[in-house]
Amino acid sequence: MTYTTAAVAGVVAAVLIDVFVIRGRVVLGRVFWATYPIIFGFQLLSNGILTGRGVVLYNPSDILGLRLVYAPVEDLLFGFALIVVTLSLWVRLSAASPPGPDPSGPPAPPP
């Protein structure tokens, strides 16, 4: 399996997990798409440093060869998948956890 195939499979799996398994539906919201460019910018910066300086190397036969700021597009796809699954889990787990005490209210009596 090439890196390209794995990256595309990762994106498909992340979106399916988000929408149908975890049901966080992060990718369906405007907030995600409005803030993703911020994440994308930092991803380009870190990938550009790592691949531009040769810290991370790729077998040319395993990638498409398209690069953005030194980073192969496959890295950007993997980063997208990672962010989607992480945020989806966060949304799901935060919805399942009970709310904490109201910090603006009176302190709770001792047990």
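Now for a description of the structure that goes with this document.

About the thresholds
- Residues numbered from 1 in each chain as written.
- Predicted model: local features only at pLDDT ≥ 70, side-chain atom pairs only at ≥ 80, totals over all residues.
- Heavy atoms only, no water.
- Axes fitted to C-alpha atoms, helices over the stretch in contact; angles between N-to-C directions.
- Helix = DSSP H or I, 4+ residues; strand = E, 2+ residues; numbered from the N terminus.
- Parallel < 35°, antiparallel > 145°, perpendicular 65-115°, else oblique.
- Left-handed = near helix turned anticlockwise from the far one by under 90°.
- Contact = heavy atoms within 4.5 Å.
- Nonpolar A, V, L, I, M, F, W, Y, C, P; charged D, E, K, R; others polar.
- Expected span 1.5 Å × (residues − 1).
- Phe/Tyr/Trp six-rings, centres within 6.5 Å; stacked < 30°, edge-to-face > 60°.
- Buried < 20%, exposed > 50% of the residue type's maximum accessible area, 1.4 Å probe, protein only.

With respect to the packing of helix α1 (residues 3-21) against helix α3 (residues 73-96)
As a packed pair, α1 and α3 sit with axes 8 Å apart at the nearest point and diverge in direction by 20°. By the criterion of interaxial angle, the relationship of α1 to α3 is roughly parallel. In this structure, α1 crosses over α3, and the sense of that crossing is left-handed. Counted together, Y3, T4, A6, A7, V8, G10, V11, A14, V15 and D18 of α1 and E74, D75, L77, F78, F80, A81, V84, V85 and S88 of α3 form the full contact between these two elements. Of the residues assigned to the contact of α1 with α3, the class counts are 13 nonpolar, three polar and three charged.

Some points on α3
Its 24 residues place the ends of α3 35 Å apart at the C-alpha level, agreeing with the 34 Å of an ideal helix rising 1.5 Å per residue. Of the surrounding secondary structure, the elements contacted by the buried residues of α3 are α1, α2 (30-52), β1 (67-68) and β2 (71-72).

Topic: the packing of α2 against α3
Running from N to C, α2 and α3 cross one another at 135°; their axes reach a closest spacing of 10 Å. As far as their axial angle goes, α3 and α2 are oblique. For the pair α2 and α3, the crossing hand works out as right-handed. Across the interface between the two elements, F32, W33, Y36, I39, F40, Q43, L44, N47 and T51 of α2 pack against D75, L76, G79, F80, I83, V84 and L87 of α3. Here the contact of α2 with α3 is composed, by residue class, of eleven nonpolar, four polar and one charged.

Quick look at the packing of aromatic side chains
With the rule as written, the count across this model stands at nine aromatic pairs. Ring centres 5.1 Å apart and planes at 50° place the aromatic pair Y3 and F78 in the tilted group. Note that Y3 is positioned in helix α1 and F78 in helix α3, a separation of 75 residues in sequence. Given a relative accessible area of 25%, Y3 falls into the partly exposed group. Ring pairing ties together the aromatic residues F32, W33, Y36, F40 and F80, which thus form one cluster.

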